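Chain by chain, the residues run as shown.
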Amino acid sequence: MTYKSHIETLAIHAGQEPDSATGAVITPIYQTSTYIQSEVGVLKGFDYSRTANPTRLALEQCLAALEGLELDQPTYGLAFSSGMAAIDTLLRLIKPGEHVLVSNDVYGGTYRLFERVLKEFGILFSYVDIGDPNQVEKNLREETRLVWLETPTNPLLKIADIAEILRRVKLFSPQILVAVDNTFASPYLQQPLAQGADFVIHSTTKYIGGHSDVIGGAIISKEAKHYEQLKFLQNSIGAVPGIMDCWLTLRGIKTLALRMERHSENAAKVSKFLNEHPAVDHVIYPGLVNHAGHLVAKKQMKMFGGMVSIILKGGENAARKMVEATRIFSLAESLGGVESLIEIPAVMTHASVAGSPLEVPAGLVRLSVGIESVDDLIADLDQALSTL
Ligand SMILES: *Cc1c(COP(=O)(O)O)cnc(C)c1O
């Protein structure tokens, strides 16, 4: 079978050949830590499951294929026990005294890792509005080694022009690496490696897994050299996912295309409904023409994704009332699962950035629009807003 297929096909087949030992169509759960040696040092490709495991390898190959890499050997995908573990491992490529330029609307946990853990080891971090490529360019330094992009961002859904930023960064210095956290878009909607990024990272906990039942992360590298360095780090640090988690993630991936289509369609309709509702002051959704990044999003994304943020006219009090009044949208952190979730970032997902430059507006409400009937979702929001 050739893997020069479409992403819908890759999601179901890449890395997932029927099991050669038994013919099992679905990748088996190789729940084993070690592998027999017929003679000293003679193995069938696996020796210890921190280093490599067949179920994890299937996931890693599939993730690399989804991000547009050819499925050759070795594959350039690596799976981790969480998105944060993936980010931490990638940052080990950066040395003390080197500088990392970061989106000023980066995921709160990423900010915490950079500011409260890695800064102590002498890595320099600074933050800019990546919605403006000029800002990125102006803040590059002699010692800059990595540019960290997230697009769309969380929870303000800002859009970075990946191709334009890459062009300017590589012009400044080809040595500077660019990583894109592609968690919000998923490879179905956006493929940063094709635009020239060196790394894509994912919290596979979100859209890739898609069912809110597993925590995981991934790094996909464009170049073999980086893959080899990161593979060494993955094995040395050991923040690898459990086998069952790999299997669950692979199972979720099979429907990625269908889910992302529905998430995007539902979010478009929900954002339109909210945009016209008298209790709503402002809707942030890259699919709306009034969104500052709409044209860039249209250029680099297939659809606009499932995340919508709103500011209510009634501010913080109205926000609290609304999120407690929904019946289908569950009040919970996280995103990207089949079920709809609603939350207040300032006191929930983004509480750790309070008082920092990343602080989010107190009255902001974030919706992760699921794949339920959009009529039911809109009716639910309508009744919740009617309580205000
Ligand atoms: C959730 C998330 C992470 C962290 O991933 P975990 O799997 O929770 O460790 C990183 N980046 C973004 C954009 C996220 O949404």
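Residues numbered from 1 in each chain as written. Predicted model: local features only at pLDDT ≥ 70, side-chain atom pairs only at ≥ 80, totals over all residues. Heavy atoms only, no water.

A. Region of the structure containing the sheet that holds strand 2 (residues 99-103). Overall, mixed pairing links the seven strands, which are arranged 1-7-6-5-4-2-3 in an open sheet. Lying at the two open borders of the sheet, with one neighbouring strand each, are strand 1 (77-80) and strand 3 (124-128). Across the sheet, the axes of successive neighbouring strands diverge by a mean angle of 20 degrees, strand direction being ignored. Looking at chain direction, strand 1 and strand 7 (residues 217-221) are connected through four bridges and run antiparallel. What sits directly across from Ala 79, in strand 7, is Ala 218. Of the strands in this sheet, strand 1 and strand 7 touch helix 2 (residues 54-66), which is tilted by about 125 degrees from strand 1. Sheet contacts for helix 8 (residues 224-237): strand 1, strand 5 (177-181), strand 6 (199-203) and strand 7; angle to strand 1, the most-contacted strand, approximately 25 degrees. (Pairing = 2+ DSSP bridges. Helix = DSSP H or I, 4+ residues; strand = E, 2+ residues; numbered from the N terminus. Axes fitted to C-alpha atoms, helices over the stretch in contact; angles between N-to-C directions. Contact = heavy atoms within 4.5 Å.)

B. Molecular detail of the pairing of strand 6. Most of strand 6 sits out of view: five of its five residues are buried. Side chains Phe 199, Ile 201 and Ser 203 of strand 6 all project onto a buried face; the interleaved residues Val 200 and His 202 project onto the opposite face, where all are buried too. Sheet topology places strand 5 next to strand 6; three bridges connect them, and they run parallel. Counterpart to Ala 179 in the pairing with strand 6 is Phe 199. Pairing of strand 6 with strand 7, which is carried by five bridges, proceeds in the antiparallel orientation. Among the inter-strand pairings, His 202 is bridged to a residue of strand 7, identified as Ala 218. (Buried < 20%, exposed > 50% of the residue type's maximum accessible area, 1.4 Å probe, protein only.)

C. Representation of the nonpolar core. One finds Leu 90, Leu 91, Val 100, Phe 114, Val 147 and Trp 148 to be the most contacted residues of the largest nonpolar core, which totals 85 residues. Ranked by residues supplied to this core, first place goes to helix 2 with seven residues. Every residue in contact with Val 147, bar those within four places of it in the chain, is listed here: Leu 101, Val 136, Leu 140, Val 169, Ile 176, Leu 177, Val 178 and Ala 179. Membership of the second largest hydrophobic core comes to 28 residues, among which are Val 280, Ala 318, Phe 329 and Ile 344. (Core = buried A, V, L, I, M, F, W, Y, C linked by side-chain atoms within 4.5 Å.)

D. Structural detail: helix 9 (residues 243-253). What helix 9 keeps buried is the set Ile 243, Cys 246, Trp 247, Thr 249, Leu 250, Gly 252 and Ile 253. Tucked into the core, helix 9 has its buried residues touching helix 1 (7-13), helix 2 and helix 10 (256-275).

E. Focus on the site of the ligand. Near the ligand the following residues occur: Ser 82, Gly 83, Met 84, Tyr 107, Glu 150, Asp 181, Thr 183, Phe 184, Ser 203, Thr 205, Lys 206 and Gly 216. The contact in question runs from an oxygen atom of the ligand to an N or O atom on the side chain of Ser 203, over 2.8 Å. For the ligand, an oxygen atom lies 2.7 Å from a polar atom in the side chain of Lys 206. Calculation on the ligand without its partners gives an accessible area of 380 Å², and the protein chains cover 93% of this total. Of the residues in the shell around the ligand, the class split is three nonpolar, six polar and three charged. (Near = heavy atom within 4 Å. Polar contact = N/O pair within 3.5 Å; in protein donor to acceptor, adjacent residues only side chain to side chain. Areas by Shrake-Rupley, 256 points an atom, 1.4 Å probe, with all protein chains shown as cover. Nonpolar A, V, L, I, M, F, W, Y, C, P; charged D, E, K, R; others polar.)

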